[in-house]
Amino acid sequence: MIPVTKPFLPTQDEYQAYLNGIWSRNWLTNNGPLVNELELKLKEYLGVNHLLYLGNGTIAIQIAIKALELRGEIITTPFSYVATTSSIVWEGCSPVFVDIDENTFNIDPKKIELAITANTSAILATHCFGNPCDIAAIDEIARKHSLKVIFDGAHSFGTSYENKSVFEYGDITTTSFHATKLFHTIEGGAVFTTKPDILKKMAFMRNFGHDGPEKFNGIGINGKNSEFHAAMGLVNLRYMDEIFAVRKRQFLYYDKILKNLRVRKQKLNKDIVYNYAYYPIVFESEELALSSLRELEINGIGVRRYFYPSLSSLDYTDGHTPVSDSISSRILCIPIYHTLSQEEQDMIARLLLRTQNN
Ligand SMILES: *Cc1c(COP(=O)(O)O)cnc(C)c1O
């Protein structure tokens, strides 16, 4: 069985070394020394000014929306993981979908202005599959209409835009360190901002609003993460250069062996550094996508219709997003993970080509 993705695991010895420290300190959670160390190491590794390590990538979006005091309508993408949209609804705001660009799979900035109303408070856009959005265009629209900007960077670990970490853009960028992501801490996430006042507010929000043991600064929630999760992050971070290198090699190998497959690839934005996190392919028709999916599944290979359905089909939203609906029905993400072998990639390519030629 070849799954669509497989979490990276370091050696058990390396993780155990951190556990020994946790046992001797008896400090398991509540912003302990390993959480602090992970935040410092991540800042260094990513070259960012500020970040807060959180329980997961969904609470990160929820805290971002709360911290910016968003109300009313939030313009967002229908082509993302469900958490991007459901967090908007969870926070009592209304998602307004703007269709995606058919080449980049990211929200189409040309269509954003048409969707802005007197009730619009923000734009929440996902850097889909790690391909940075057209950030310059989104920022310009946001400035012109006094809107806040949140980027969902759950796929974007290690990417950059115009020579800066993609996490440094928008009022806030969020990310996920879930086990299936390129860099993970089992469960985990983070918020990034370059604005010290917003950072401070989110730091209170992460810990129930606690300002010392007996004082509170605003309403908070439990957004913290534990020493055990931070330990996994600290060990995994040591492997990131190797993980990026292997992922790139696997990605380029797929490009080579699938060059005769009649599918469309995601077009990457200009002036970026990419992380090769996923391998999405868009078929000419939904039938071809589904017959390929079946053929791979029969042969024990996991594929995901990622992202299907388009979020505009959720029953708590509406929106006219034909491009997203169409790509969503025809896209598959094929396996790509650290221990995937070239032989396995060859087998996947053979099955895809055979299905196409049948
Ligand atoms: C994974 C993911 C999330 C949610 O992250 P969790 O850590 O699982 O809560 C949000 N948005 C996108 C685009 C994701 O892929």
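Peer 1: Which parts of the structure should I look at to understand the pairing of strand 4 (residues 120–126)?
Peer 2: Sheet faces and side chains relate simply in a regular strand, where the side chains alternate between the two faces. Buried residues dominate strand 4, accounting for seven of its seven residues. Two elements, strand 4 and strand 5 (residues 148–152), share five bridges in a ladder whose sense is parallel. Looking across to strand 5, one finds that Leu-124 is bridged to Ile-150.

Peer 1: I tried to follow the pattern of salt bridges on my own but got confused; where do I start?
Peer 2: Where charged atoms of side chains with opposite charge meet at close range, the side chains can pair. With the rule as written, the count across this model stands at 14 salt bridges. In this structure, Lys-144 engages Glu-113 in a salt bridge whose closest nitrogen and oxygen atoms are separated by 2.9 Å. A residue pair is termed long-range when its members are at least 10 positions apart, and Lys-144 in helix 6 (residues 135–144) and Glu-113 in helix 5 (residues 112–115) qualify at 31 residues. When its relative accessible area of 34% is taken as the criterion, Glu-113 is described as partly exposed. The shortest N-O distance in the salt bridge between Arg-262 and Glu-284 comes to 3.5 Å. A residue pair is termed long-range when its members are at least 10 positions apart, and Arg-262 in the loop between helix 9 (240–257) and strand 10 (263–264) and Glu-284 in the loop between strand 12 (280–283) and helix 10 (286–298) qualify at 22 residues. Overall, the relative accessible area of 42% leaves Arg-262 in the partly exposed class.

Calculation notes
Residues numbered from 1 in each chain as written. Predicted model: local features only at pLDDT ≥ 70, side-chain atom pairs only at ≥ 80, totals over all residues. Heavy atoms only, no water. Buried < 20%, exposed > 50% of the residue type's maximum accessible area, 1.4 Å probe, protein only. Helix = DSSP H or I, 4+ residues; strand = E, 2+ residues; numbered from the N terminus. Pairing = 2+ DSSP bridges. Salt bridge = Lys/Arg side-chain N within 4 Å of Asp/Glu carboxyl O.

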